[in-house]
Amino acid sequence: NHDNRPLAANLSACHASLTDADRPTYCCPPRRDADQIVVEFQLPEIAPSPLRVRRPAHLLDSDYVAKYEKAVAIMKSLPSDHPHSFLRQANNHCLYCTGSYNQVNSTSLFKIHRSWFFFPWHRAFLYFHERILGSSSATTHLLYRIGFYTRGAFNSTQREPGHLPPHVADLNYQREETGRKPEEQMAVNLAFMYHQMVSGARKAELFMGCKLTAGAEGGCDGPGTIEDAPHNTVHEWVGNGLNPEREYMGAFYTAARDPAFYAHHANIDRLWTVWRKIMDSAAPDFTESSWLDTSFTFYDENLRFVRIKVRDCLDPAKLGYAYENIDLPWLNARP
Ligand code: C2O
């Protein structure tokens, strides 16, 4: 009984949901989204130019960082019910990961993780987030990689103190310290990345995740290689181990309250573009309408409530951004 309808959130009934540890949580907006006029997202006919270039955190000049930090500070200063406020932005992630919405015409929850919606949902989320940042502070582009900035608005009090720089992250962190020396850990990380990006990801479903379709029957639970690690593992590695669910970063419902979330996810989004380049024609996009026409909703920089489809999230250039190229040392780390 396979249901091939695309998924969408039932916006008329946002409800309480559960954290990863099954504790109740609530991240619905104060005003019902159902009261908002939904605008259909449209890609510009001509790709925007110049592209917004997202730069790597470890190579940034202080001017770039200062502009970004100022934009985050503005978001944090907005009243918490404002759609552009930092908390509402974070809660938008909570909505779609803890199951605050049902799927339309269904009693099943709409959750985008651990499936083929992981990459496109987060791309759309970052896209609108970046546009909002840019509307308050000219030329703000996201940065990528887990820049652990502790300055001003970038700081979070909910990070694992034992993992702060200069500690080298264990990209396959299993909640145990390995005690490796930094050089050792880096070599292990490179070989691991080679597996997650290349040898373990030779098919779309392996990299992108399983084909979640509508209704309970369509439920699947199979993250792609990168979602599994380094995505999940870095979330857990950053979050404070003393908190019950390693909040903020270690728990879906709070992860996006740490500004590091956005750098982490920009990096994950970049890896999607890198994988497509490596795979070339061997990595066609899925062609099912149940993927392409599945939609998500976000507020844009003009406070319009926008519905965007997966098919609009496939090409960063059409969305007006790109990643600065850097070396890919893991590409030569075939074990
Ligand atoms: Cu939606 Cu990094 O999790």
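Residues numbered from 1 in each chain as written. Predicted model: local features only at pLDDT ≥ 70, side-chain atom pairs only at ≥ 80, totals over all residues. Heavy atoms only, no water.

**Let's talk about the pairing of strand β7 (residues 305-309)**
Put simply, the rule is: Two strands pair if DSSP finds at least two bridges between them. Segments assigned H or I by DSSP are reported as helices when at least four residues long, segments assigned E as strands when at least two residues long, and all are numbered from the N terminus.
Bridge count between strand β3 (residues 38-40) and β7: 3 bridges; the pairing is parallel. Across the sheet, residue E40 finds its bridge partner in β7, namely R307. Judged from the 5 bridges that link them, strand β6 (residues 295-299) and β7 form a sheet pairing that is antiparallel. Residue pairing for β7: F298 is matched across the bridge by V306. Count of turn residues in the β6/β7 antiparallel hairpin: 5 residues, of which L303 carries a positive phi of about 65°.

**As for the state of the cysteines**
Inclusion rule: Whenever a pair of cysteine sulfur atoms sits within 2.5 Å, that pair is classed as a disulfide. Exposure classes here rest on a 1.4 Å probe applied to the protein chains alone. A residue is buried below 20% of its type maximum, exposed above 50%, and partly exposed in between.
Throughout the structure, instances matching the rule amount to 3 disulfides. Across the disulfide from C27 sits C94; the S-S distance is 2.0 Å. With the S-S bond torsion at -60°, the cross-link from C27 to C94 turns out left-handed. On the criterion of sequence distance, the pair formed by C27 in the loop between β2 (24-25) and β3 and C94 in helix α2 (residues 86-98) is long-range, its members being 67 residues apart. Each member of the pair C27 and C94 is classed as buried. Here C97 stays free of any disulfide, with the sulfur of C94 as its closest cysteine sulfur at 5.4 Å.

**A short note on the environment of R246**
Here R246 lies in the loop between α6 (225-238) and α7 (260-279). Considered as a pair, R246 and E160 are 86 residues apart in the sequence and their alpha carbons are 8.4 Å apart.

**Describing the pattern of salt bridges**
Heads up, the condition is: The term salt bridge refers to a side-chain nitrogen of Lys or Arg lying within 4 Å of a carboxyl oxygen of Asp or Glu.
For the coordinates displayed, the defined rule picks out 20 salt bridges. Of the charged contacts in the structure, one is a salt bridge between E245 and R23, with a shortest N-O distance of 2.8 Å. Taken together, the residues E245 in the loop between α6 and α7 and R23 in the loop between β1 (17-18) and β2 connect sequence positions 222 residues apart. For E245, a relative accessible area of 8% translates into the label buried. With a closest N to O distance of 3.9 Å, K309 and D293 form a salt bridge. Residue K309 is found in strand β7, and its partner D293 is found in the loop between α8 (289-292) and β6; the two are separated by 16 residues along the sequence.

**Details of the packing of aromatic side chains**
Keep this limit in mind: Two aromatic rings from Phe, Tyr or Trp, using only the six-membered ring of Trp, form a pair when their centres are within 6.5 Å; if the ring planes differ by under 30 degrees the pair is stacked, by over 60 it is edge-to-face, and anything between is tilted.
Enumeration over the complete set of coordinates arrives at 31 aromatic pairs. The interplanar angle of 35° and the centroid separation of 6.0 Å between the aromatic rings of W116 and W291 together place this pair among those described as tilted. Taken together, the positions of W116 in the loop between α2 and α3 (118-136) and W291 in helix α8 put the pair 175 residues apart, joining distant regions of the chain. Relative to Y323, the ring of Y321 lies with its centre 5.7 Å away and its plane at 85°, an arrangement referred to as edge-to-face. Relative accessible area serves as the criterion here: at 1%, Y321 is assigned to the buried category.

**Section: the sheet that holds strand β4 (residues 52-56)**
Under the convention used in this document: Pairs of residues are marked as contacts when any of their non-hydrogen atoms sit within 4.5 Å. Axes here mean lines fitted to C-alpha atoms, for a helix over just the part in contact, with angles spanning 0 to 180 degrees between N-to-C directions.
The strand order β5-β4-β8 describes an open sheet built from 3 strands, whose pairing is parallel. The open sheet terminates on both sides in strands that have one partner only, identified here as β5 (143-144) and β8 (321-323). Where β4 lies against β5, 2 bridges are found, and the strand directions are parallel. Within β5, the position partnered with R55 by the bridge is L143. Packing of α3 onto the sheet brings it into contact with β4 and β8, and relative to β4 it is tilted by some 105°.

**Structural notes on the packing of helix α4 (residues 182-199) against α6**
Each pair of packed helices can be summarised by the angle the axes make with each other and by the distance between the axes. Heads up, the rule is: Oblique is the label for every angle not falling under 35 degrees (roughly parallel), over 145 degrees (roughly antiparallel), or within 65 to 115 degrees (roughly perpendicular). Crossing handedness: left-handed means the near helix sits turned counterclockwise from the far one by under a right angle, and right-handed means the same turn made clockwise. Polar here means any residue outside two lists: the nonpolar Ala, Val, Leu, Ile, Met, Phe, Trp, Tyr, Cys and Pro, and the charged Asp, Glu, Lys and Arg; Gly therefore counts as polar.
At their nearest, the axes of α4 and α6 sit 9 Å apart, and the two run at 155° to each other. As judged from the angle between their axes, α4 and α6 are roughly antiparallel. Here the hand of the crossing between α4 and α6 comes out left-handed. Listed contacts from α6 to F192, M193, Q196 and M197 of α4 are T225, I226, A229 and P230. Residues belonging to the contact of α4 with α6 are distributed by class as follows: 6 nonpolar, 2 polar and no charged.

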